[in-house]
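Chain residues, written in single-letter form:
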Amino acid sequence: MAVCIAVIAKENYPLYIRSTPMENELKFHYMVHTSLDVVDEKVSAMGKALVDQRELYLGLLYPTEDYKVYGYVTNSRVKFIMVVDSSNTALRDNEIRSMFRKLHNSYTDVMCNPFYNPGDCIQSRAFDGMVTSMMVQVC
């Protein structure tokens, strides 16, 4: 089950973070921010290959005892981080990839809103509802 979904700006500040268990919210914020180092390493290692192949999904960034952290980077270097409960073995890589595509499409809808100022925190009810449905769907 997905327990945390985050959208991180190009400059590495959070645009949106949502986690399910509220008592561990600080822990998930920490996990998201520590995963940014791994994202930067993977993006710089791929370098031009990332642009050539149009492969935005970074895969598993790092596992912990309780969780697995996955990453996705857009062409504009906005990062999506998803923390998944490691006890959920039914979740496959293709399903995670499709969840990131769905998240990216919803993020694009937010960016197309003429009343949204790029760089501000995402406060869209439609985006929040989509993230909530993704977290419930995975459970």
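As a reminder, the structure under discussion sits directly above these lines.
Residues numbered from 1 in each chain as written. Predicted model: local features only at pLDDT ≥ 70, side-chain atom pairs only at ≥ 80, totals over all residues. Heavy atoms only, no water.

Undergrad: Please clarify how the pairing of strand S2 (residues 14-19) should be interpreted in this entry.
TA: For a regular strand, side chains alternate in direction, first toward one face of the sheet and then toward the other. Summarising the sheet, strand S1 (residues 2-8) and S2 pair through five bridges and their orientation is antiparallel. Within S2, the residue paired with Ile8 across the bridge is Pro14. Connecting S1 to the next strand, S2, in antiparallel fashion are five residues, including Asn12 with a positive phi near 70°. (Pairing = 2+ DSSP bridges. Helix = DSSP H or I, 4+ residues; strand = E, 2+ residues; numbered from the N terminus.)

Undergrad: How should the packing of aromatic side chains be read in this particular structure?
TA: Geometry of an aromatic ring pair is reported as the spacing of the ring centres plus the angle between the planes. Within this structure, the stated rule accounts for six aromatic pairs. Plain terms: the ring middles of Tyr72 and Phe100 are 5.4 Å apart, the flat faces sit at 10° to each other, and that makes the pair stacked. Linking Tyr72 in strand S4 (residues 67-73) with Phe100 in helix H3 (residues 93-111), this pair joins segments that are 28 residues apart in sequence. For the pair Tyr72 and Phe100, one class covers both residues: buried. Members of the aromatic cluster, each reached through a chain of ring pairs, are Tyr57, Tyr72, Phe80, Phe100 and Tyr107. (Phe/Tyr/Trp six-rings, centres within 6.5 Å; stacked < 30°, edge-to-face > 60°. Buried < 20%, exposed > 50% of the residue type's maximum accessible area, 1.4 Å probe, protein only.)

Undergrad: Sorry if this is basic, but what is going on with H3 here?
TA: Since the α-helix packs 3.6 residues into each turn, any two residues three or four apart lie on the same face. For H3, built from 19 residues, the straight-helix expectation of 27 Å at 1.5 Å per residue is met to within 8% by its first-to-last C-alpha distance of 27 Å. Buried within H3 are the following residues: Ile96, Met99, Phe100, Leu103, His104, Ser106, Tyr107 and Val110. Considered in projection along H3, the buried side chains sweep an arc of 170° and stay on one side of the axis. The outward face of H3, more than 90 degrees from its buried face, is lined by the exposed residues Asn94, Asn105 and Asp109. (Expected span 1.5 Å × (residues − 1). Arc of directions from axis to C-beta.)

Undergrad: For this particular structure, what's the right way to read the pattern of salt bridges?
TA: Under the counting rule described, the total for this entry stands at two salt bridges. Here Asp128 makes a salt bridge to Arg18, at a shortest N to O gap of 2.9 Å. One end of the pair, Asp128, is in helix H4 (residues 125-138); the other, Arg18, is in strand S2, with 110 residues separating them in the sequence. In this structure Arg18 comes out as partly exposed when scored by relative accessible area, which is 25%. Note that Asp93 is salt-bridged to Arg97, the shortest N-O span being 3.9 Å. Of the two residues, Asp93 and Arg97 are both situated in helix H3; the distance of four residues between them amounts to about one turn of the helix. Given a relative accessible area of 38%, Asp93 falls into the partly exposed group. You can call Arg97 partly exposed: its relative accessible area is 22%. (Salt bridge = Lys/Arg side-chain N within 4 Å of Asp/Glu carboxyl O.)

Don't take any of this as a statement about function, it's just geometry.
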